[in-house]
Structure formats: C-alpha cells, structure tokens
Amino acid sequence: MLITKLKDKEEIISFFDLQPFIFRCSGCEEVYSAEEDIDKLIEDNKDRISGIVRLDYLCREEFSKVYVEKYSSEIERAGCVIVFSCGVGVQVIAKLCERKRVLAGCDTCYLNGFQGLSTQNFDCQQCGECYLNYTGGICPLTACSKGLLNGPCGGAKNGKCEVSPEMDCGWELIYKRLKKIGKEEMLKKNKVLVRDYRRTIPGNPE
Amino acid sequence: MTRLKKALEGGGFVVTGEIGPPKGVNLEKILEEAEKYLRGKVVAVNVTDIQSAVMRVGSLAVCQKLLEMDIEPVFQMTCRDRNRLALQSDLLSAYVLGIKNVLALTGDYVTLGDHPQSKPVFDLDSVSLLETMKKLESGKDLTDNELDGAPSFFKGAVVTPASDPLEPQIIKMEKKIEAGAQFFQTQAVYDAKQFEEFMKKVSHLNVPVLVGIVLLKSAGMAKFMNENVAGVSVPDELIKEMTVPKEDRRKKSVEIAGRLIREMKDMCQGVHLMTLGWDKEVPLVIEAAGL
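Being a predicted model, the structure only gives us computed values, none of them experimental.

Moving on, we get to helix 1 (residues 9-16) of chain A. Within helix 1 of chain A, burial applies to Ile12, Phe15 and Phe16 of chain A. All buried residues of helix 1 of chain A lie within an arc of 105 degrees about the axis, which places them on one face of the element.

Below you can see the structure in the form of structure tokens.
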C-alpha cells in the first residue's frame with residue numbers, strides 16, 4: 001500500500017448495500033494509508049459486511065491466494081469484495097476472485113520515488129483517481145498501452161495489442177472480466193472519462 | 001451544413017474518398033490526383049492524420065488545400081500526437097479555415113511508425129475527443145471557459161465490423177454516438193455476409209454508416225493484412241482471385257471492390273474508398289459498383 005485516500009464517501013457507502021467481503025492491506029502502511037477513515041467506515045457499517053481480513057502486502061499473489069481460498073465461503077456469500085489497498089492489491093484480488101465484483105475502496109495517490117516493494121504482474125500508476133471500479137478490477141492505464149479510458153481502440157489482433165504480440169489487449173481483458181461478473185453493460189453506462197494529470201505531476205499542483 | 005451531411009441526410013448512397021499527405025512538401029501529385037480522380041466523383045475526401053504514425057505533412061494543411069480546390073475535406077484527427085490543448089486549438093483552427101467535417105480516431109501507437117522513440121500522447125481518446133467537439137460547439141472549452149464564437153462540426157467516428165470480439169466495438173460505437181458522433185466510416189470490409197450481420201446488430205443505432213473499402217493491391221498484401229492489420233480479414237477466395245499476373249492486378253482489384261460495394265450497397269448509407277495511392281482507380285470502382 002502506498003499513499004491512499006478513501007474514495008468518495010457516497011460511492012463507497014453504496015458498496016456496503018451489497019454485503020461486501022473486505023480485504024485490508026497493511027503492507028506499506030508506514031508510507032501512509034487512510035487508516036482512520038477506513039476504520040470509521042468499517043465501524044459505521046459493521047452490520048453490513050459479510051467478512052473482513054487484514055493482510056500485509058496483498059500485492060503478493062501467492063500469499064493473497066491462500067486467504068482468498070481460506071475465506072472462500074464468506075466471499076461467495078458477499079455481493080462484492082471491497083479492497084482497501086493500492087491499485088496493485090485491488091488488481092491481485094480481482095484476479096483471484098474473478099467471478100466476483102471487486103471494488104477499490106481507495107484512490108492511490110502519486111508518491112515520488114516510491115513504487116512498492118517488489119515486482120508484480122500488475123501495475124499502478126498512482127493516478128489518484130482509481131478507475132478499477134469501472135473496469136472490473138483491471139487497470140486501463142497500465143493494461144492498455146495507450147491508457148485508454150473509454151474502451152478498446154480497435155488495434156488488437158487475436159487478443160494481442162498492436163504494440164507487441166506479447167501483450168494482451170487490456171480492454172479485451174476488461175471486457176471479458178466484466179462479462180464474467182455480468183457487468184459488461186457498465187462499459188456502456190460509464191460516463192466519458194477524462195483523466196486529471198495534475199495528480200501525477202511531481203509537486204501535485206492540484 | 002457540409003455537403004457530406006447534406007448528402008447523408010438526403011438519403012442517397014454516399015461515396016467518400018481518402019488521401020494520405022506525403023512525406024515532404026511536394027503536394028503536386030496528390031492534389032493533381034485529387035483533382036482528376038476525386039473531385040466531383042466523391043462527396044468528401046478524408047485526409048489522414050500522420051497515418052500509421054509515419055511523420056508527414058499534416059492533415060489540416062492538406063484539408064485546406066482541398067478546400068481551395070472546392071473539394072470537401074474530412075479532417076481526420078487522432079489523439080496520438082496532441083494533448084487536449086492542441087486538439088481543441090486545432091479544432092478551432094479547422095473551423096476557422098472552413099473545415100467542418102471531423103473524424104475522431106484514437107491513432108496507431110507511435111512504435112508502429114517511423115519515429116518509434118517518440119512520446120505517445122493519448123491525453124484524450126476517440127470518445128472524449130467527440131465529446132470535446134460537442135463541448136466546443138456549446139460555446140465552452142473542456143474546462144468550461146467561454147469561447148468567443150463557437151464552432152460547429154459534422155462529427156464522424158470509426159468502427160471495425162470484423163472485430164473479434166465484436167461486442168466491445170459495438171458498445172464503444174454506442175458511446176461514440178452518445179458523445180456526439182453523427183456518422184461512421186468503417187475499417188476495411190471484405191465479407192458482405194459478415195457486414196450484414198454487423199449492420200443488423202447496430203440497426204438500433206440509427207446513424208449513417210459508410211462501409212470501408214480498401215483496394216487489394218496483391219495477394220501478398222491481402223495475406224499481410226490478415227496477419228498484421230487489426231480488424232481486417234480477407235477471405236481466402238479473394239486472395240485466390242487476386243493471384244493474377246502483375247499487370248492484371250489493378251483490374252482485378254477494381255472488379256472485387258465494385259462487387260463488394262454492390263453486395264453491401266443496400267445494407268448501409270455509403271462507402272468510404274481507401275485506395276492507398278491508387279486514386280486513379282476511384283472512378284473505375286464507382287463505375288464497377290454501378291453507382
């Protein structure tokens with residue numbers, strides 16, 4: 001977990017209607033996490049959750065997998081999974097629970113010189129306005145070579161990106177994941193997204 | 001109102017052409033060809049925007065040249081090379097010059113072109129670019145500042161009917177319409193049956209579609225496209241048909257294009273001809289298509 005801030009309260013509260021299972025990461029919390037805000041949110045909604053687990057470094061897929069399996073029945077019962085971590089952690093849990101709607105509870109904010117502690121299959125640009133809740137837990141900024149926010153470009157061939165035959169088309173992955181959780185209509189319903197780059201400029205001039 | 005808009009609203013079958021600006025400042029050849037083979041034969045001519053990410057003369061300048069020749073241009077605009085400041089500014093510039101048809105595209109990635117070291121932009125994408133045009137038309141810019149005089153565009157977008165999977169393409173097409181797209185030109189289509197199915201799936205959208213025809217230049221080119229070009233699939237029969245002596249290729253290519261257009265004519269509102277330099281064949285294709 002890098003620097004995170006709680007997502008917009010209204011957005012988060014609506015997730016609790018779904019009796020979520022909650023993953024909390026305390027991996028890089030010495031950097032900064034929205035500890036108190038998250039504590040309060042969970043306390044206020046404690047009757048509306050189906051389970052909660054707190055782990056160090058959710059970003060380690062093999063490690064998180066053990067817990068996803070351990071809590072599989074609670075997760076199965078839950079209407080969604082909320083992850084309080086950086087974008088990497090959310091994407092790992094989304095991959096491990098690919099038939100569940102996995103939502104980010106936090107935005108990951110830009111932090112000079114800090115990119116997490118180990119290499120991972122997923123990347124987070126610390127953009128400060130996490131898009132994972134629109135895209136089935138797969139980041140369009142890092143999974144799409146063009147960082148497109150509003151759908152695939154049409155440049156993919158056989159599921160591979162035009163940039164490299166080694167790279168999957170991120171939007172095809174997003175579409176397939178959303179289809180798996182029965183949310184592909186979200187692609188249509190989402191408002192047109194335009195990124196605010198101020199949040200990733202060193203010095204954060206916003 | 002642009003001639004293109006008028007033609008599409010008129011309900012007839014509309015033909016558009018396309019030219020690619022050259023690398024270097026000699027425009028004589030493309031302008032001469034446009035005069036000879038496109039003027040009066042097509043309703044409007046798309047001018048590509050640094051196509052395939054290969055550096056060349058800009059679309060805006062060539063659009064202006066066409067306009068001077070009384071050929072109506074369609075200004076193709078990709079999001080690869082300009083951020084939202086430059087895109088909005090160029091949209092205003094286009095309008096000031098009298099260029100009102102704009103086609104919004106994402107753009108090929110820079111590494112596919114001849115300056116692979118450059119920084120790709122993609123600050124906006126095809127959907128948000130369309131929405132940006134709509135915003136400018138409302139008299140405001142993207143951050144809600146008032147404009148001293150608002151432009152008005154005929155806004156186009158692209159769709160790939162042979163895309164696999166197709167559903168995300170259609171979803172994006174719907175988003176583009178919601179963002180302001182008023183017409184569509186498609187990626188190259190070589191299979192009328194497949195196109196018919198596509199048109200059925202988008203029949204609820206009620207927006208004019210011009211089917212894209214890229215002239216096949218050889219069997220080798222068709223095979224290359226099948227292997228390398230996204231959303232293009234040339235059936236084996238056409239590749240076989242194109243396997244003719246070199247001197248017969250143009251004739252065969254025109255014949256195939258004409259036949260495809262005849263087959264698809266009743267399914268859509270027009271055809272967008274992409275000749276990849278074979279502009280000379282445009283009048284022959286139109287004739288072969290019986291238009």
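That was the structure; now back to the text.
Residues and elements named next belong to chain B. Contact geometry for helix 4 (residues 84-97) and helix 5 (residues 126-137): axes closest at 11 Å, N-to-C directions at 55 degrees. The angle between helix 4 and helix 5 falls in the class oblique. Of the two elements, helix 4 crosses helix 5, and the hand of that crossing is right-handed. Of the residues in helix 5, those in contact with Leu87, Gln88, Leu91 and Leu92 of helix 4 are Leu129, Thr132, Met133 and Leu136. Of the residues contributing to the contact of helix 4 with helix 5, the split by class is six nonpolar, two polar and no charged.

Turning to unusual backbone geometry, a few remarks are in order. Residue and element names in this part refer to chain B. With an omega of 0 degrees, the peptide bond between Asp164 and Pro165 qualifies as cis. Checked against the element boundaries, Pro165 lands in the loop between strand 5 (154-159) and helix 6 (167-178). The backbone of Ile50 sits at a positive phi, close to 45 degrees, despite the residue not being glycine. Among the secondary structure elements, Ile50 is positioned in the loop between strand 2 (44-47) and helix 3 (59-68). A relative accessible area of 22% places Ile50 in the partly exposed class. At Asp144, a position not held by glycine, the phi torsion is positive, near 70 degrees. With respect to the element layout, Asp144 can be found in the loop between helix 5 and strand 5.

Before going further, it helps to spend a moment on the state of the cysteines. Residue and element names in this part refer to chain A. All told, the structure shown has zero disulfides over all chains when counted by the stated rule. Left unpaired, Cys25 is separated from the closest cysteine sulfur, that of Cys59, by 6.2 Å. Given the relative accessible area of 3%, Cys25 is considered buried.

With that settled, consider the environment of Lys95 of chain A. Residue and element names in this part refer to chain A. Mapped onto the secondary structure, Lys95 falls in helix 5 (residues 87-96). The class for Lys95 is partly exposed, based on a relative accessible area of 36%. Beyond its immediate stretch of four places on either side in the chain, Lys95 contacts Glu61, Phe122 and Arg177. Reaching out from Lys95, the side chain makes a polar contact with the side chain of Glu61 at a distance of 2.8 Å.

For the structure shown, the criterion picks out seven aromatic pairs over all chains. Between Phe21 of chain A and Phe23 of chain A, the aromatic rings sit 5.2 Å apart at their centres with planes inclined by 65 degrees, giving edge-to-face as the arrangement. Where Phe154 of chain B meets Phe183 of chain B, the ring centres are 4.8 Å apart and the plane angle is 25 degrees; that geometry is what we call stacked. Here Phe154 of chain B, found in strand 5, pairs with Phe183 of chain B, found in strand 6 (residues 183-188); they are 29 residues apart in sequence, far enough to count as distant. Judged by relative accessible area, Phe154 of chain B falls into the buried class, the value being 4%. Taking relative accessible area as the criterion, Phe183 of chain B reaches 0% and is therefore assigned buried.

Right, let's get into the side chain of Ser50 of chain A. Residue and element names in this part refer to chain A. Mapping Ser50 onto the fold places it in the loop between helix 2 (35-44) and strand 3 (51-55). Here Glu74 takes part through its backbone oxygen, which lies 3.4 Å from a polar atom of the side chain of Ser50. When near neighbours in sequence (up to four residues on either side) are disregarded, Ser50 contacts Gln19, Pro20, Phe21, Glu74, Arg77 and Ala78.

Thresholds applied
Residues numbered from 1 in each chain as written. Chains lettered and ligands numbered in written order. Predicted model: local features only at pLDDT ≥ 70, side-chain atom pairs only at ≥ 80, totals over all residues. Heavy atoms only, no water. Buried < 20%, exposed > 50% of the residue type's maximum accessible area, 1.4 Å probe, protein only. Helix = DSSP H or I, 4+ residues; strand = E, 2+ residues; numbered from the N terminus. Arc of directions from axis to C-beta. Axes fitted to C-alpha atoms, helices over the stretch in contact; angles between N-to-C directions. Parallel < 35°, antiparallel > 145°, perpendicular 65-115°, else oblique. Left-handed = near helix turned anticlockwise from the far one by under 90°. Contact = heavy atoms within 4.5 Å. Nonpolar A, V, L, I, M, F, W, Y, C, P; charged D, E, K, R; others polar. Disulfide = S-S within 2.5 Å. Polar contact = N/O pair within 3.5 Å; in protein donor to acceptor, adjacent residues only side chain to side chain. Phe/Tyr/Trp six-rings, centres within 6.5 Å; stacked < 30°, edge-to-face > 60°.

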